[in-house]
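Below are the chains, spelled out letter by letter.
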Protein chains: 4
Amino acid sequence: MRDVEVGSGKTVIVAGPCAVESEEQILATAHAVREAGGHMLRGGAFKPRSSPYTFRGLEERGLELLARAREETGLPIVTEVMSVKDVELVAQYADILQIGARNAQNFFLLEEVGRADKPVLLKRGMASEVEDWLLAAEYIIAAGNRRVILCERGIRTFETATRNTMDLGAVALVKQLSHLPVFTDPSHGTGKWYLVEPLAMASLAAGADGLLIEVHPSPEHALSDGAQSLTFDSFQQLVHRVRAIARAVDRPLAEPVARTGV
Amino acid sequence: MRDVEVGSGKTVIVAGPCAVESEEQILATAHAVREAGGHMLRGGAFKPRSSPYTFRGLEERGLELLARAREETGLPIVTEVMSVKDVELVAQYADILQIGARNAQNFFLLEEVGRADKPVLLKRGMASEVEDWLLAAEYIIAAGNRRVILCERGIRTFETATRNTMDLGAVALVKQLSHLPVFTDPSHGTGKWYLVEPLAMASLAAGADGLLIEVHPSPEHALSDGAQSLTFDSFQQLVHRVRAIARAVDRPLAEPVARTGV
Amino acid sequence: MRDVEVGSGKTVIVAGPCAVESEEQILATAHAVREAGGHMLRGGAFKPRSSPYTFRGLEERGLELLARAREETGLPIVTEVMSVKDVELVAQYADILQIGARNAQNFFLLEEVGRADKPVLLKRGMASEVEDWLLAAEYIIAAGNRRVILCERGIRTFETATRNTMDLGAVALVKQLSHLPVFTDPSHGTGKWYLVEPLAMASLAAGADGLLIEVHPSPEHALSDGAQSLTFDSFQQLVHRVRAIARAVDRPLAEPVARTGV
Amino acid sequence: MRDVEVGSGKTVIVAGPCAVESEEQILATAHAVREAGGHMLRGGAFKPRSSPYTFRGLEERGLELLARAREETGLPIVTEVMSVKDVELVAQYADILQIGARNAQNFFLLEEVGRADKPVLLKRGMASEVEDWLLAAEYIIAAGNRRVILCERGIRTFETATRNTMDLGAVALVKQLSHLPVFTDPSHGTGKWYLVEPLAMASLAAGADGLLIEVHPSPEHALSDGAQSLTFDSFQQLVHRVRAIARAVDRPLAEPVARTGV
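Worth saying up front: this structure is predicted, and the values here are computed from it rather than measured.

### Some thoughts on the overall build of chain A
Next up, step 1: Secondary structure summary: chain A contains nine helices and eight strands in total.
Next up, step 2: For a compact globule of 262 residues, the expected C-alpha radius of gyration is about 18 Å, and chain A comes in at 16 Å, within 12% of that figure.
Next up, step 3: A principal-axis box enclosing the C-alpha atoms of chain A has dimensions of 45 × 40 × 40 Å.
Next up, step 4: Each of the 262 residues in chain A was classed as buried or not, and the buried ones make up 69%.
Next up, step 5: For chain A, long-range pairs separated by at least 24 residues make up 69% of all intrachain contacts whose partners lie at least 6 apart in sequence.

Listed below in structure tokens is the structure:
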């Protein structure tokens, strides 16, 4: 997509806020991501959460703001689609369609994105075995879309000191079992901003092809996932430290996006 | 619904095959369920499974066969709806809409059945904490449908000797936290037909208001879940043994369905 | 042992405090257990817990108090042994040697109690698969002691609404795989006193041969496990309700212990 | 100990077979470990496993062979002690006393090694939360021994594609919570030899101070854990690749052990 290649031996960093909250927030973040060396912008427009009584996202307005941020920065956009009926709409804006962990076995949705003309980033379900995860990808591929990126985001275990348990053994295993690129999401994987950097580094060392990182201009004011979001400064440091690991494993960071790439 | 009351102090048994496979199969099962003392008929018409390459169910034809079985036996029908776009269709046939474990946090689907005019049986997700499960119910209720039945079907743990781990502590806890009726599904909860009866009994002793039991005319030929399906004979024995527990806990089995109840 | 038979088709209730705290506490509890219809007295003399800085038990003084309680009430004693070097000492006082969950794969300790002349109640480890648990029993049996009682006390899963997750599917399975009697411990299994009764009932319905129940004269002042301990009154009610289930499954409560049985 | 410093900003590699099987096996392995750049030799002398009917280790003879290997190579020895009564014996031979996962909450054993005059490598239990693990270390420290190395070896989760689930989030977290050095054991953590290298690399990137690696002259003939053991060649390659990560995170491999260091 655009000028970022995934799974081609270069490491790709996708960063941005959990949810698109405002024009100011998403534009500031997009610029910061780009300047720090990030390759794509993430941000949720549809964000219903565990409780029906919390912030649900800006929906189509959020998609428009993401497109605006792309225009300004050249960063391709990764955003989640949560419902069969929204696939067409989201695909008009997104460069990569994200399937979230809670929809990891929503087979109708998997088939619908399998018919879309955009790559799909497929998160592992929080109770998905490696086999379930690969079969979920198979749903998308069997429907005709071979551009699938797998994304480990932590599984649910007895350990509560971290929000989830990142399963980097599964990342290394899937790199052996499948030709698909594998990303990780250490923000959801740990739930704590100060663990994101070491787990991002560990992910690359385990073989991951890319990273999803939550970044927010002001994490303490984020409408969701503030505790796991990096500030612009700590994101910049993360890119710096991740770069060293990426080199050590011969999968250097991808080239910066040309602003005119759009 | 029809003449079966749920959560009214009587124990309700819902039984039938995992998937509707043929007219002969579903009619034979419906009659056997009714004769043994079951109160409702379950059966899946939409059955995509972990792999895209397995049997997927008869879809609308399956719903028609369920309706046919209801006509013959008077048994209300519980069947799963897996997609927002199918809610209206399924609601035309079903007496209770089932939400499966893999859609336990498919928030758009929860809201859609929340707008339907049928009760909803909401399975717990295999990685749902009790709080997630109650909040999922809240999505349905917040959309306007207060007729929600919770259903524990086993969670995913390290133990593989059973297919899932039935969490009867959660059943007892939810009976204290919520006014909603709670069923259990010992067929999925154990994955082994010879454990269904003891776990059905244990469920009622823990406080469950009803049971979902997989029954098949010939489990060894079932297209799905054969290992956990009861024969007609073992279902009959289960009802007999469950009746004793239901009495011991002062929640006797509900009255048999009148054939003319439809 | 004495006049209580285990695994003979009668249901056995073992009750008492988590830890022996004082003469007054253990004697009062023993009398209450006996009057309510309990068959054996439990109580820990060696109680090191997760932190080295908490109450550790009265050690040999605790064993003496248990023996005193047995003299007064006729109740046989179940108490934990935690170290190879203490097996001989504990066996002088106890009627049943308990192996705790944290020692479920302490193979040297298993072998040592395998050489003792007392029955062993073997708790399942919090991460033990059914196979691990049965093999742990095999360590005891291979060392020469065939009188082993298995005890399910909850496993560790992602669910934190209860202290552990009681795995009654494993109880039903082990009843099929093994000739050994199986008890459950719904106090540790749930961690909440108000869930002990329903899970005790469910345990018997699932096939358990006996129960371990924590009872304390004043749970809010207990030095350990107060939140999961029953008062004397709620224990009395539990015995009453459990009796109904025991009858329904044709494993009635064992006869009360004769005071002169000692 | 000897001339290897742990937790001093250099990365330490401990390698060797699961169990000492013969003089030939342990000497050959020790030389291979030393030549490849490993810093210490591991090997089990006491090896009772889940079943009482499998190989149990050479016991004191195994300790003698380890000492012999140390004489020849200068590599300090890490070996497990499983019982209070063996602490004195094992401490005569070992440079570091290992506490295995199954004894992670064997409080009497923790206290006994707390009184020994050797550093302790404390494995995390397969169901230990981070807090349990740190409190287990506290048992050793409270008894007087401050030289504790923590070791993450994988926890038990629903995922069975790997033997355990390596929890590198916990490694990063413990590095923040505690001053103690943290090692990982990717051999037990994954159970598959071809995942050991990527997880070893990931461990260092996450912040680990050292590694435990299973190496065997002929893994397919190993008496235990063959599937997760590296050959000498693949161990050599692992050291090479790990070295690059160690440099990238500014914790280069420790100096090779001087043969005369003993």
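### Looking at the pattern of salt bridges
Next up, step 1: Under the criterion given, the structure shown has 76 salt bridges over all chains.
Next up, step 2: Two residues, C:Arg124 and C:Asp167, come together in a salt bridge whose shortest N-O distance is 3.0 Å. Of the two residues, C:Arg124 is situated in the loop between strand S5 (120-123) and helix H5 (130-142) and C:Asp167 in the loop between strand S6 (148-152) and helix H6 (168-177); the sequence distance between them amounts to 43 residues. Of the two residues examined, C:Arg124 and C:Asp167, each falls in the buried class.
Next up, step 3: Across the pair D:Asp95 and D:Arg70 runs a salt bridge, and its minimum N-O distance is 2.7 Å. With D:Asp95 in the loop between helix H3 (87-93) and strand S4 (96-99) and D:Arg70 in helix H2 (residues 60-73), the pair connects residues that are 25 residues apart, well separated along the chain.
Next up, step 4: The class for D:Asp95 is buried, based on a relative accessible area of 7%.

### Here we look at the interface of chain B and chain A
Next up, step 1: Every contact between the two is made by 30 residues of chain B and, on the other side, 30 residues of chain A.
Next up, step 2: Overall, the association of chain B and chain A removes approximately 2,800 Å² of surface from exposure, summing both partners, and the carbon and sulfur fraction of that is 57%.
Next up, step 3: Inspection of the region where chain B meets chain A yields four salt bridges.
Next up, step 4: Among the salt bridges present, the one from A:Arg56 reaches B:Glu111, with a minimum N-O distance of 2.6 Å.
Next up, step 5: Across the contact surface, chain B and chain A share 14 residue pairs in polar contact (both at pLDDT 80 or more).
Next up, step 6: Among the elements of the structure, helix H4 (107-114) and helix H5 (130-142) of chain B are those that each provide at least two residues to the side of chain B that touches chain A.
Next up, step 7: When residues of the side of chain B that touches chain A are assigned to their parent elements, the largest contribution, five residues, is made by H5(B).

### Topic: the interface of chain D and chain A
Next up, step 1: With 34 residues of chain D at the contact, the number on the chain A side is 34 residues.
Next up, step 2: Taken together, the links from chain D to chain A amount to two salt bridges.
Next up, step 3: Between A:Arg124 and D:Glu159 there is a salt bridge whose closest N-O contact spans 2.7 Å.
Next up, step 4: Counting across the interface, chain D meets chain A through six residue pairs in polar contact (both at pLDDT 80 or more).
Next up, step 5: At the level of elements, helix H6 (168-177), helix H8 (193-206) and helix H9 (232-248) of chain D are the ones that each hand at least two residues to the side of chain D that touches chain A.
Next up, step 6: Here the side of chain D that touches chain A is built from residues that sort into 22 nonpolar, six polar and six charged.

### Side note on the relation of the copies chain D and chain A
Next up, step 1: When chain D is fitted to chain A, the residual RMSD is 0.0 Å, and the transformation amounts to a turn of 180° plus an axial shift of 0.0 Å. The symmetry that links the two subunits is that of a two-fold axis. The position closest to the rotation axis in chain D is occupied by the C-alpha of D:Ala202, lying 2.1 Å away.
Next up, step 2: Comparing contact sets, 100% of the residues at the interface of chain D also lie at the interface in chain A, consistent with an isologous, same-surface contact.

### Some words on the relation of the copies chain B and chain A
Next up, step 1: The two copies are related by a screw operation: chain B maps onto chain A through 180° of rotation and 0.0 Å of translation along the axis, at an RMSD of 0.0 Å.
Next up, step 2: Take the interface residues of chain B: 100% of them recur as interface residues in chain A, which is what a same-surface contact looks like.

### Concerning the sheet that holds strand S7 (residues 182-184) of chain B
All names here are of chain B.
Next up, step 1: Around the barrel, which closes on itself, the eight strands sit in the order S1-S2-S3-S4-S5-S6-S7-S8 with parallel pairing between neighbours. With strand direction ignored, the average angle separating the axes of adjacent strands in the sheet is 25°.
Next up, step 2: Of the strand pairs in this sheet, S7 and strand S8 (residues 210-214) are connected by two bridges, and their pairing is parallel. If you follow Thr184 over to S8, its bridge partner there is Leu211.
Next up, step 3: Packed onto the sheet, helix H6 (residues 168-177) meets strand S6 (148-152) and S7 and runs at close to 165° relative to S7.

### Considerations on unusual backbone geometry
Excluding glycine, residues mostly carry a negative phi; peptide bonds, for their part, are mostly trans.
Next up, step 1: In this model, B:Asp225 sits at a positive phi of 60°, which is unusual for a non-glycine residue.
Next up, step 2: Within the secondary structure, B:Asp225 is located in the loop between S8 and helix H9 (232-248).

### Looking at the side chain of C:Glu152
Residue and element names in this part refer to chain C.
Next up, step 1: With respect to the helices, strands and loops of the structure, Glu152 is situated in strand S6.
Next up, step 2: A distance of 2.8 Å separates the side chain of Glu152 from the side chain of Arg124, its partner in a polar contact.
Next up, step 3: Not counting chain neighbours up to four residues away, the residues in contact with Glu152 comprise Arg124, Trp133, Thr165, Met166, Asp167, Val171, Phe183, Thr184 and Asp185.

### Points about the sheet that holds strand S4 (residues 96-99) of chain A
Residues and elements named next belong to chain A.
Next up, step 1: As summarised here, the arrangement of the eight strands in space is S1-S2-S3-S4-S5-S6-S7-S8, forming a closed barrel in which the pairing is parallel. In this sheet, adjacent strand axes meet at a mean angle of 25° when their direction is disregarded.
Next up, step 2: Sheet contacts for helix H6 (residues 168-177): strand S6 (148-152) and strand S7 (182-184); angle to S7, the most-contacted strand, approximately 165°.
Next up, step 3: The sheet strands contacting helix H9 (residues 232-248) are strand S1 (12-16) and strand S8 (210-214), and the helix crosses S1 at an angle near 170°.

### A closer look at the side chain of D:Ser178
Next up, step 1: Inspection of the secondary structure puts D:Ser178 in the loop between H6 and strand S7 (182-184).
Next up, step 2: Here the side chain of D:Ser178 touches D:Leu180 through a polar contact of 2.9 Å, landing on its backbone nitrogen.

### Quick notes on helix H4 (residues 107-114) of chain C
Next up, step 1: Burial within H4(C) is extensive, with seven of its eight residues counted as buried.
Next up, step 2: Buried residues belonging to H4(C) abut helix H3 (87-93), strand S4 (96-99), S5 and H5 of chain C.

### Things to note about the packing of helix H8 (residues 193-206) of chain B against H6(C)
Next up, step 1: Where H8(B) contacts H6(C), the axes come no closer than 9 Å and their chain directions differ by 135°. In terms of axis orientation, H8(B) runs oblique to H6(C). The two elements H8(B) and H6(C) meet at a crossing, and its hand is right-handed. Listed contacts from H6(C) to B:Tyr194, B:Leu195, B:Pro198, B:Leu199 and B:Ala202 of H8(B) are C:Leu168, C:Gly169, C:Ala172, C:Leu173 and C:Gln176.
Next up, step 2: Broken down by class, the residue content of the contact of H8(B) with H6(C) amounts to eight nonpolar, two polar and no charged.

### A closer look at the confidence of the model for chain A
Next up, step 1: Per-residue confidence for chain A gives a mean pLDDT of 95, with 97% of residues at or over 70.
Next up, step 2: Both scores are available for the predicted complex, with the pTM at 0.95 and the ipTM at 0.95.

### Describing the packing of aromatic side chains
Next up, step 1: This model, assessed by the stated rule, comprises eight aromatic pairs over all chains.
Next up, step 2: Arranged with centres 5.8 Å apart and planes meeting at 90°, the rings of A:Trp193 and A:Tyr194 form a pair that is edge-to-face.
Next up, step 3: With a relative accessible area of 30%, A:Tyr194 lands in the partly exposed category.
Next up, step 4: With a centroid separation of 4.6 Å and an interplanar angle of 25°, the aromatic rings of C:Phe107 and C:Tyr139 are classed as stacked. With C:Phe107 in helix H4 and C:Tyr139 in helix H5, the pair connects residues that are 32 residues apart, well separated along the chain. Comparing C:Phe107 with C:Tyr139 shows no difference in burial state: the two are buried.

### Thoughts on helix H1 (residues 23-36) of chain C
Residues and elements named next belong to chain C.
Next up, step 1: An ideal rise of 1.5 Å per residue puts 20 Å on 14 residues; H1 measures up with 20 Å between its terminal C-alpha atoms.
Next up, step 2: Restricting attention to buried positions, one finds in H1 the residues Gln25, Ile26, Leu27, Thr29, Ala30, Ala32, Val33, Arg34 and Ala36.
Next up, step 3: Turning to H1, the residues buried within the fold contact strand S1 (12-16), strand S2 (40-42), helix H2 (60-73) and helix H9 (232-248).
Next up, step 4: Gly37, located one to two residues past H1, shows a positive phi value of around 110°.

### Description of the packing of helix H1 (residues 23-36) of chain B against H9(B)
Residues and elements named next belong to chain B.
Next up, step 1: Where H1 meets H9, the closest approach of the two axes is 9 Å, and the angle between their N-to-C directions is 25°. Comparing their axes, H9 and H1 come out roughly parallel. As for the relative orientation of H1 and H9, their crossing is right-handed in sense. For the pair H1 and H9, contact is made by Ala28, Thr29, Ala32, Val33 and Ala36 and by Phe232, Phe235, Gln236 and Val239, respectively.
Next up, step 2: Class assignment of the residues belonging to the contact of H1 with H9 gives a composition of seven nonpolar, two polar and no charged.

Cut-offs applied
Residues numbered from 1 in each chain as written. Chains lettered and ligands numbered in written order. Predicted model: local features only at pLDDT ≥ 70, side-chain atom pairs only at ≥ 80, totals over all residues. Heavy atoms only, no water. Helix = DSSP H or I, 4+ residues; strand = E, 2+ residues; numbered from the N terminus. Rg over C-alpha atoms; globule rule 2.2 N^0.38 Å. Buried < 20%, exposed > 50% of the residue type's maximum accessible area, 1.4 Å probe, protein only. Contact = heavy atoms within 4.5 Å. Salt bridge = Lys/Arg side-chain N within 4 Å of Asp/Glu carboxyl O. Buried area = accessible area lost by both parts, 1.4 Å probe. Polar contact = N/O pair within 3.5 Å; in protein donor to acceptor, adjacent residues only side chain to side chain. Nonpolar A, V, L, I, M, F, W, Y, C, P; charged D, E, K, R; others polar. Least-squares fit on C-alpha atoms with pLDDT ≥ 70 in both. Pairing = 2+ DSSP bridges. Axes fitted to C-alpha atoms, helices over the stretch in contact; angles between N-to-C directions. Parallel < 35°, antiparallel > 145°, perpendicular 65-115°, else oblique. Left-handed = near helix turned anticlockwise from the far one by under 90°. pLDDT = per-residue confidence, 0-100. Phe/Tyr/Trp six-rings, centres within 6.5 Å; stacked < 30°, edge-to-face > 60°. Expected span 1.5 Å × (residues − 1).

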